[in-house]
Amino acid sequence: MVAADFIEQLLNGLTLGMVYVLLAAGLSVIFGVMDVINFSHGELFALGAYFSLSIIAPFGAGAGFWIAIVVAPVAVGLIGAAIERTTVRPLYGRDPLYHILLTFGLVLVINDGIRLIWGTQQRQLAVPEYLSQPVSILGVQVSVYNYFMIVFAALLAVVTWYLLNRTKYGMIIRAGSQDREMVRNVGIDIDQYYTLVFGVGAALAAVAGIVLGGYQNVNTGMGNSVIIPAFVVVVLGGLGSFRGAVFGGLLVGVVQTLMRAYSGSVLATFGDTTLTVPNLEGLTVYLLMIAVLLVKPQGLFGTRGEESDGEGEILVGGYGGILADSTRVRLGGIAVVALALAPIAILFMGDQYYLVVLNEILIWAIFALSLDIVMGYAGLVPLGHTMFYGVGAYTAALVMLHYSQSVFVVLLGAILICAVLAWVVGSLSIRVSGVYFAMITLAFAELLYSAVFKFEFTGGSDGLLGFEAFIGLGTVGESLSNIEFGLLGYELGQQFVFYYLALLIAVLSLLFARRMMNAPFGSVLQSIRESEERAEFIGYDVNRYKRRAFVVSGGMAGLAGGLLAVSPSTVIISPDQTLNWIHSGEVIVIALFGGMGTLYGPMIGSGVFFGAEEFLSSYTDQWRLIIGTMFILFVLFVPRGIVSIPSLIAQRLETANNADGPVDMDEPEVRSDD
Amino acid sequence: MTETVLETDGLTKRFGKLTAVDDVSLSVADGEFRSVIGPNGAGKTTTFNLITGALSPSEGVVRFKGEDITDVAPHERVGRGLGRSFQITNVFGGLTVRENVRLAAQSVHSDEINPGEALFRDKNGFDEITEQTGTVLEQIGLRERADEHAEALAYGDQRRLELGLVLATDPDLVMLDEPTAGMSSEETQATMDLIDEVLSDRSLMLIEHDIDLVMRVSDRITVLTRGEELASGTPEEIANNEDVRDAYLGGVRE
């Protein structure tokens, strides 16, 4: 009975694992050949399921399912090919970071497209009746559908393997993932194959979406929920390795399922001691991923020693020659004065809601600024930066609940805890570089995200509530919610007080970061961004500088998180609001949007991002679609961010006057170093 | 000036079954201009990387100024006075020429900067560093162009800056990795003149495959073949060495 139960769980695990195999195979080959980290892979997966819904509807479950499983992947594959042609292609040769931003924009666009067309309700994907019957083999009872999924996915994997290893096209694609230049040099137009690879990858994802949709259900969050495990699979198996994707997919599927089934259950009893399975559901795969990355950064089956580093560069933005330093400082001063006066205008408008939006902007401005320190200056791209934002928020809430309500103590606690966390994570992660660094930080963030669900003291999935900040220290001061005073007949309250607190902290943070970047420490960070190898050979301990930058950045992100907890608009600190990977993506988007490597650029980015969100969402439900499209256009045409627009315009005007030929946007006309 | 600045003892590096560097024992005297030559695949670059610390040896010891530095990290070797230049110009393109040199000068003085200063004091407020930066800019002849971005410099000036970065770290021994690779004969001459002009008071170790060049400039030459040391001696001795002629000069000569 126990054995049968175990085999049943194993079969469930293999079923899920097969879905991961299909997803990861595409992701991995796309990365291997093109160096593209495709975040939109999960949405293409979801798109496959939704297309099938529409195909099955007129034909019914019997024939419809089989038509869908052929037609939907082809349709999604065509969409994938179109995406590669129009958006991914112009970015080859740039830093993989730009693919992250681009595909993150695609996530927003596709996801919102799905909501627009199919609605947000959870749907059932009808499968033929004979597939959904339960079947009992040797006492093990699972649905026929499980066997169908395993066999069908295995068949597809074998076909893919055959195509990659036994056909001319596959040879070229594999050669391309080894050495792209070499393939070009022997006269093969490898770029043509990129479209094919992207399309086939998308089609495989769509198949995965259909089979999983039939197994569970179809909902708008399904892409989001598989994309991170799929990345874990790819990294575990080795980026670019098909064999790794198969092995990693099955491993993650089985481990996830078994941990879910057996967490906390008794494994064995020896006399008085019982050995129980630790309750690590959700955590195991991330622990596994971190362990593998630390021991064998290239993954279990990865072969690439060095990633193709230095091929692209991170484009930093700045006014450069357009505005003199003094003008910029003056503009900054004017901006601060304007922000200081903004509440008065809001007061006359009589709607304090705008103040709530401004408060959010300020918090995220600090968060984005903290990211710029590591990304725009030290050239490190963390995909898990929200771990500091989230841990900062949780720390602040816990300090308020259990220790002190004083806002000073609370924020200091958030900074310190996050700085320590950053030191630990940094010490482990900075040894690996580039994409692996991005992935290992993502794993740490996901580990913490899963962990807060587990612990009692973090309130599980409900999060924490019932905390309140006290503006002051000791007994001197006032609780934030008690603050209310009138001025000229207008009622002022906690939102105003918090606004000025946040504004003060944001300005101080910017001045702090600016000072740091003009000091010896910051100057070394910039040299590391320019050339890590060179920095090392003029005598700098590069890893030590990176780690310190990471600590400063983590502490500052913690401060932003702490402010979130203190904010009067925040009633609950929940896992999804603070630790969901989406926020790590958002903050990168914001920093790039504003202009990296400038410190103030990401802060402006925060204003524009939330301003646009607020503005658009009051007119349409499809604001994500518009913002996502905006990102995509930015990545393609304004990669140095909003702050580079003045010099871009000046450049265009100059070119128009001189007719000197086309403007090359990648040429660094603008620079960050002040 | 007969003190030894650099010494390797039984230096060996294996990559799987391939022994790239096999039991190489060198000794470079203080103030010497040593060249290491050999055909492609002789282990020149691997030897270079073992000495600078980019690779760690399978066996053997590297001693610098009498101290064992085999397990010392590359950046610390630089701190102890072991500088290197890059074959492909490797400067901080997005920073100004002055900032490039200043960073190298700052590295030498970083022990004197306390953490508070490192984080918050204006980087241009350290007199010694500023002074050294000025001196080096003068020496490499780029004072006039100090405020331009390094990537805007002409190729020749970038090579000058490259050497300036090495010079600013105030090294006792400079390792040069084929500094004239891919250059015309005039450019080669200009580069060697520059090295002579800027680095003549330091010990130098040049990795090169252009024999004529090496014969002209070196005090002593070491010849490597298949990872092993074939001969060491003055240019004259090397030119007259039978083994070298057979193995190298007599073979494929570029």
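Residues numbered from 1 in each chain as written. Chains lettered and ligands numbered in written order. Predicted model: local features only at pLDDT ≥ 70, side-chain atom pairs only at ≥ 80, totals over all residues.

Trainee: Could you clarify how one ought to interpret the overall build of chain B in this entry?
Mentor: For chain B, the helix and strand inventory stands at 10 helices and 11 strands. Relative to the globule expectation of 18 Å for 254 residues, the C-alpha radius of gyration of chain B, 19 Å, shows essentially globular dimensions. Principal-axis analysis of the C-alpha atoms places the extent of chain B at approximately 60 × 40 × 40 Å. Out of the 254 residues belonging to chain B, those deemed buried represent 43%. Here the contacts in chain B between residues at least 6 apart in sequence split such that 68% fall between residues at least 24 apart. (Helix = DSSP H or I, 4+ residues; strand = E, 2+ residues; numbered from the N terminus. Rg over C-alpha atoms; globule rule 2.2 N^0.38 Å. Buried ≥ 20, exposed ≤ 12 C-beta atoms within 10 Å, placed from the backbone. Contact = placed C-beta atoms within 7 Å.)

Trainee: How should helix 2 (residues 41-88) of chain A be read in this particular structure?
Mentor: Residue pairs spaced three or four apart in an α-helix point in one direction, given the helix's 3.6 residues per turn. A rise of 1.5 Å per residue sets the reference length of helix 2 of chain A, with its 48 residues, at 70 Å; its end C-alpha atoms lie only 13 Å apart and thus fall more than 12% short of the reference. The sharpest bend along helix 2 of chain A reaches about 140 degrees and sits at A:Gly60. (Expected span 1.5 Å × (residues − 1). Bend = angle between axes of the 7 residues up to and from the residue.)

Trainee: Please explain the interface of chain A and chain B as it appears in this structure.
Mentor: Interface size is commonly expressed as the accessible area that is lost once the parts come together. Counting residues at the interface gives 23 residues for chain A, matched by 26 residues for chain B. Elements with a contribution of two residues or more to the side of chain A that touches chain B: helix 17 (494-517), helix 18 (520-530) and helix 19 (532-537) of chain A. The biggest single contributor to the side of chain A that touches chain B is helix 18 of chain A, with seven residues. Residues of the side of chain A that touches chain B, tallied by class, amount to nine nonpolar, six polar and eight charged. (Nonpolar A, V, L, I, M, F, W, Y, C, P; charged D, E, K, R; others polar.)

Trainee: Can you help me understand the sheet that holds strand 7 (residues 82-84) of chain B in this one?
Mentor: The pairing of strands in a sheet happens through backbone hydrogen bonds and is either parallel or antiparallel. All names here are of chain B. Across the sheet, which stays open at both edges, the six strands sit in the order 7-8-9-4-10-11 with mixed pairing between neighbours. On the outer flanks of this sheet lie strand 7 and strand 11 (228-233), each paired with one strand and no other. Going from strand to strand, the sheet's axes swing by 20 degrees on average, the running direction of each strand aside. When strand 4 (residues 33-37) meets strand 9 (residues 203-207), the two strands line up parallel, connected through four bridges. Bridge assignment links Arg-34 to a residue of strand 9, and that residue is Met-205. Helix 1 (residues 44-52) rests against strand 4, strand 7, strand 8 (173-177), strand 9 and strand 10 (220-225) of the sheet, and its axis sits at about 150 degrees to strand 8. (Pairing = 2+ DSSP bridges. Axes fitted to C-alpha atoms, helices over the stretch in contact; angles between N-to-C directions.)

Trainee: How do you make sense of unusual backbone geometry when you look at a structure like this?
Mentor: Residues and elements named next belong to chain B. The residue Lys-65 is not glycine, and still its phi comes out positive at about 50 degrees. By the element assignment, Lys-65 lies in the loop between strand 5 (59-64) and strand 6 (67-68). Under the C-beta neighbour-count criterion, Lys-65 is labelled partly exposed, with 16 such atoms within 10 Å. One non-glycine residue, Glu-178, lies in the positive phi region at around 35 degrees. Mapped onto the elements of the fold, Glu-178 is located in the loop between strand 8 and helix 7 (185-199).

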